[in-house]
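An overview of the molecular structure
One-letter residues, chain by chain:
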Protein chains: 2
Amino acid sequence: MSLIVQKFGGSSVADAASIRRVARRVVETRDAGNDVVVVVSAMGDTTDELIDLANEVAPKPPAREMDMLLTSGERISMSLLAMAVSAYGAPAQSFTGSQAGMITDGDHGAASLVEVNPERIRESLDQGNIAIVAGFQGVHRATKDITTLGRGGSDTTAVALAAALDADVCEIYSDVDGVFTADPRIAPKAHKLEEISSEEMLEMAANGAKILHLRCVEYARRFGVKLHVRSSFTHHEGTWVIPSPDDTTVSVHTQEIPLEQPLIAGIAHDRTQAKITVVGVPDRPGIASGIFRLLADAKVNVDMIVQNVSVSDEKTTDLSVTIPETQGDLAMSMLRAAEEKIGYASLEYNDQVGKLSLVGAGMKSNPGVSFTFFDALAEHDINIDMISTSEVRISVVTAADRLDEAVRAVHSAFGLDSQQDAAVYGGTGR
Amino acid sequence: MSLIVQKFGGSSVADAASIRRVARRVVETRDAGNDVVVVVSAMGDTTDELIDLANEVAPKPPAREMDMLLTSGERISMSLLAMAVSAYGAPAQSFTGSQAGMITDGDHGAASLVEVNPERIRESLDQGNIAIVAGFQGVHRATKDITTLGRGGSDTTAVALAAALDADVCEIYSDVDGVFTADPRIAPKAHKLEEISSEEMLEMAANGAKILHLRCVEYARRFGVKLHVRSSFTHHEGTWVIPSPDDTTVSVHTQEIPLEQPLIAGIAHDRTQAKITVVGVPDRPGIASGIFRLLADAKVNVDMIVQNVSVSDEKTTDLSVTIPETQGDLAMSMLRAAEEKIGYASLEYNDQVGKLSLVGAGMKSNPGVSFTFFDALAEHDINIDMISTSEVRISVVTAADRLDEAVRAVHSAFGLDSQQDAAVYGGTGR
């Protein structure tokens with residue numbers, strides 16, 4: 001008998017009919033001889049509606065109360081799902097995050113798990129129940145106040161429970177068939193991956209792929225949890241995200257990469273970034289770090305960094321960074337305020353940029369990857385603004401209006417195109 | 001400094017504007033120098049909407065899950081109210097029933113309080129907060145499952161907290177100005193009582209007055225909690241419900257009734273009963289008790305009982321009872337099934353009946369009350385079907401279409417009519 005954790009997002013439980021459909025699926029899984037733990041998000045737009053209500057009663061709702069409010073969303077979906085499961089003849093019990101032993105720190109709105117004690121879940125399973133757990137929520141050990149894990153927190157709940165219960169697999173259900181080689185809305189010939197390493201998935205998620213949250217993939221990788229990303233609308237196999245025992249030591253020299261390891265896993269893209277260039281920065285030690293400290297203090301998330309080589313006699317350089325577009329105003333005002341201290345010539349801001357990331361563990365040992373990548377972009381006359389690389393990823397920044405073409409060009413160049421369009425899989429690229 | 005518990009029902013927190021209005025009132029109470037604990041119901045029709053959702057996903061939702069579902073209603077209203085209170089500048093914290101220490105038995109849907117441990121509420125007050133508590137809910141000590149106290153449970157939560165915290169008063173807010181001498185929709189000259197004893201209030205509530213739930217009045221009486229029933233739409237004084245130290249010993253002989261004790265507190269009425277007459281029952285010991293055991297086993301709530309004197313040689317009698325109309329079918333089918341065993345001649349069922357109850361602690365020592373009462377009904381040619389009395393109450397059953405006239409006749413006969421119509425008080429008689 002296997003233990004399976006299944007996570008269903010808000011769109012999978014948006015109304016009574018959807019909840020009944022999920023319930024049937026859960027009961028099928030149990031009837032196939034498995035123990036089942038289900039993690040569920042709030043129904044459809046419930047969370048957004050509750051946030052709207054909060055803003056109607058208070059301009060700045062206290063974070064403790066916001067968490068208390070939002071956690072009612074999963075309380076509703078989980079109890080309804082437990083009822084629906086019972087109606088299909090399988091005993092079920094629902095549990096809040098607190099009841100399921102999701103112990104967090106006290107950072108309301110973005111709490112981190114500090115411990116998972118799923119005793120009540122184990123007991124409930126032992127009694128023959130399907131256990132249904134509220135995603136996204138926990139309880140602060142010290143104050144016993146209710147907390148939330150922030151956006152995407154339900155995935156984290158599912159993976160954390162799977163780890164604590166030593167589950168055989170953690171299934172993440174959505175309205176998409178799995179992880180694709182690229183967003184099928186942009187690259188119609190993208191195909192679904194049968195498998196991807198957690199290291200690759202981490203790079204995909206960190207660079208714009210929205211199907212799994214970065215935090216959940218990190219957690220799964222750290223605790224060796226096998227993820228199965230699949231659609232709640234079909235029974236097709238989705239994509240398995242396989243944790244490597246120790247990703248950092250994988251290399252061809254030790255034969256630890258399976259022979260069938262594909263060169264490239266896929267292409268992620270991201271339109272949510274903006275680029276800031278600080279022009280004419282004095283090329284002296286400490287100046288760059290001063291700029292980064294400034295941005296770090298303002299909690300601006302700097303992603304890519306490129307410093308031009310100092311070429312003139314002026315001993316100045318240009319420093320470009322990408323940051324989330326939503327933090328653009330903040331970052332620019334911080335930099336403007338520090339003009340005198342830094343001593344730059346000017347600031348440039350550009351939010352019409354896109355980022356493309358090619359991800360593949362196989363590229364570690366294949367020097368030809370870079371050539372194929374840049375050649376494909378050159379063939380299409382696509383200008384590259386910034387470059388950054390990791391062992392398993394190459395990212396470039398292009399003009400926003402060239403990004404889609406760039407994704408298609410690279411997808412083709414690496415032979416990722418399938419024979420048929422991805423649309424037939426039902427994938428929406430979410 | 002006083003400690004005041006304020007309870008607001010669902011209609012008082014039906015939307016964002018209402019919640020802000022309640023928040024202002026709560027903050028005013030605190031600004032007047034009081035410690036304030038607020039007990040709140042779910043917003044408007046939330047509970048009914050959640051019940052509808054439950055019925056959409058499961059024909060017979062398990063009671064444990066129904067409680068989990070319904071308790072999300074107060075979680076929403078309490079956190080929104082805490083936000084609104086904070087927005088008016090007063091620190092506030094909301095607490096679930098479980099967090100507030102409302103410990104119950106495991107009777108899901110109709111749990112009874114077995115203990116109240118409001119340590120967290122006390123701490124929160126000591127830290128200078130307004131504490132906002134979810135009404136209607138608690139936690140089962142043994143299983144740690146969430147429970148609800150049943151309909152009207154929020155009033156019980158408020159009174160139980162007031163008792164446990166030794167509050168100076170428990171204010172019950174609704175859209176009505178207080179307790180009236182009769183329902184102003186029926187008797188327009190009914191007037192608001194300034195004060196009523198908890199014994200009288202108990203009889204009013206038990207006999208159809210809907211402003212306070214019987215259980216809450218019983219609790220308040222038992223623990224000596226002073227209730228103040230008032231409107232959340234005005235600042236007028238409402239009606240004080242005063243617990244007598246020992247109601248059962250009050251008598252004129254020992255001068256324990258204050259001289260200003262009014263003869264009559266008010267008139268309650270009830271349209272929700274049906275009358276069953278078992279005709280031709282053998283007048284033998286054990287037969288009547290057999291009928292009552294039958295009804296008790298089916299959990300039918302028998303209210304009034306009248307057995308006619310056996311007059312004929314047949315040695316048979318007629319037995320009439322009133323029961324809730326909603327249990328009419330159940331009771332009739334139980335009786336039909338036992339026809340042979342009981343050996344009655346026939347069954348009569350009538351749901352076109354009304355019950356009128358005259359309540360007043362003063363009637364204990366005033367033999368003239370019965371005369372005035374029956375004379376008023378006779379004057380209006382109103383036929384009396386059944387009679388029952390307690391020390392402080394006379395109840396009669398009449399035809400349903402004569403009930404309103406009966407209420408007005410008795411109201412006038414006891415000099416309860418005010419100079420002006422009750423409508424000017426804004427009372428709706430709920």
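Keep in mind the model is a prediction, meaning the values are calculated, not measured.

Among the residues of helix H5 (residues 119-126) of chain A, those classed as buried are Arg120(A), Ile121(A), Ser124(A) and Leu125(A). Buried residues in H5(A), looked at end-on, bunch into an arc of 140°, giving them a common side. Here the buried face of H5(A) lies against strand E1 (3-8), strand E2 (35-40), strand E3 (92-95) and strand E6 (130-134) of chain A together with helix H3 (63-87) of chain B. Positive backbone phi, at 95°, marks Gly128(A), one or two positions downstream of H5(A).

Turning next to the interface of chain A and chain B. Between chain A and chain B, the residue contacts involve 41 residues of the former and 41 residues of the latter. Of the roughly 3,200 Å² buried between chain A and chain B on both sides combined, carbon and sulfur atoms contribute 64%. Looking only at chain A, the three residues that lose the most surface to chain B are Val57(A), Arg75(A) and Met83(A), adding up to 23% of its buried area. Applying the counting rule to chain A against chain B returns 2 salt bridges. Notably, a salt bridge pairs Arg120(A) with Asp145(B), separated by 2.9 Å at the nearest N-O pair. Scanning the region where chain A abuts chain B turns up 18 residue pairs in polar contact (both at pLDDT 80 or more).

Moving on to the pattern of salt bridges. Counted under the stated rule, the structure contains 24 salt bridges over all chains. As a salt-bridge pair, Glu203(B) and Arg393(B) come within 2.6 Å of each other at their nearest N and O atoms. With Glu203(B) in helix H6 (residues 198-206) and Arg393(B) in strand E20 (residues 393-399), this pair connects stretches of sequence that are 190 residues apart. Each member of the pair, Glu203(B) together with Arg393(B), is buried. What you see here is one network of salt bridges that share partners, running through Arg64(A), Glu65(A), Asp145(A) and Arg120(B).

It is worth spelling out the side chain of Asp145(A) at this point. With respect to the helices and strands, the residue Asp145(A) is situated in the loop between strand E7 (137-140) and strand E8 (146-148). Its relative accessible area of 8% is what places Asp145(A) among the buried residues. In this structure the side chain of Asp145(A) is engaged in a polar contact, spanning 2.9 Å, whose partner is the side chain of Arg120(B). Filtering out sequence-adjacent residues up to four positions away, Asp145(A) remains in contact with Arg64(A), His108(A), Gly138(A), Val139(A), His140(A) and Arg120(B).

Together, Asp15(A), Asp45(B), Glu49(B), Asp52(B) and Glu56(B) line one region of the surface with negative charge. Of note, Asp52(B) is situated in helix H2 (residues 46-57).

This part is about the UniProt feature "binding site: substrate" (unreviewed entry) in chain A. All names here are of chain A. Those places that UniProt annotates as "binding site: substrate" (unreviewed entry) correspond, in this numbering, to Thr-47 and Glu-74. The greatest C-alpha distance among the residues just named is 9.0 Å, despite their covering 28 residues of sequence, which places them together in space. In this fold, Thr-47 is placed in helix H2 (residues 46-57). Judged by relative accessible area, Thr-47 falls into the buried class, the value being 16%. Leaving out residues up to four positions away in the same chain, Thr-47 has contacts with Ala-42, Leu-70 and Arg-151. Following the sequence through the fold, Glu-74 ends up in helix H4 (residues 72-87). Owing to a relative accessible area of 2%, Glu-74 belongs among the buried residues under this scheme. Contacts of Glu-74, omitting those with residues within four sequence positions, involve Val-40, Ser-41, Ala-42, Ala-134, Gly-135, Phe-136 and Gln-137.

All names here are of chain A. Position of Tyr-344 relative to the elements: it lies in the loop between helix H11 (339-342) and strand E17 (346-350). Look past the residues within four positions of Tyr-344 in its chain and what remains in contact with it is Val-278, Val-279, Gly-280, Val-281, Leu-335, Arg-336 and Glu-339. Reaching out from Tyr-344, the side chain makes a polar contact with the backbone oxygen of Leu-335 at a distance of 3.0 Å.

With an RMSD of 0.1 Å, the fit of chain A onto chain B corresponds to turning through 179° and sliding 0.0 Å along the axis. Put plainly, the chains are arranged around a two-fold axis. Every residue of chain A has its C-alpha some distance from the rotation axis, and the shortest such distance is that of Ser72(A), at 2.5 Å. A share of 100% of the interface residues of chain A reappears at the interface of chain B, consistent with the copies meeting face to face through the same patch.

What counts and how
- Residues numbered from 1 in each chain as written.
- Chains lettered and ligands numbered in written order.
- Predicted model: local features only at pLDDT ≥ 70, side-chain atom pairs only at ≥ 80, totals over all residues.
- Heavy atoms only, no water.
- Buried < 20%, exposed > 50% of the residue type's maximum accessible area, 1.4 Å probe, protein only.
- Helix = DSSP H or I, 4+ residues; strand = E, 2+ residues; numbered from the N terminus.
- Arc of directions from axis to C-beta.
- Contact = heavy atoms within 4.5 Å.
- Buried area = accessible area lost by both parts, 1.4 Å probe.
- Salt bridge = Lys/Arg side-chain N within 4 Å of Asp/Glu carboxyl O.
- Polar contact = N/O pair within 3.5 Å; in protein donor to acceptor, adjacent residues only side chain to side chain.
- Patch = residues over 30% accessible without salt bridge, like charges linked within 9 Å, V, L, I, M, F, W, Y side chains within 5 Å.
- Areas by Shrake-Rupley, 256 points an atom, 1.4 Å probe, with all protein chains shown as cover.
- Lys, Arg positive; Asp, Glu negative; His and termini not counted.
- Charge placed at Lys NZ, Arg CZ, Asp CG, Glu CD.
- UniProt positions renumbered as here; feature names shortened; annotations may be inferred.
- Least-squares fit on C-alpha atoms with pLDDT ≥ 70 in both.

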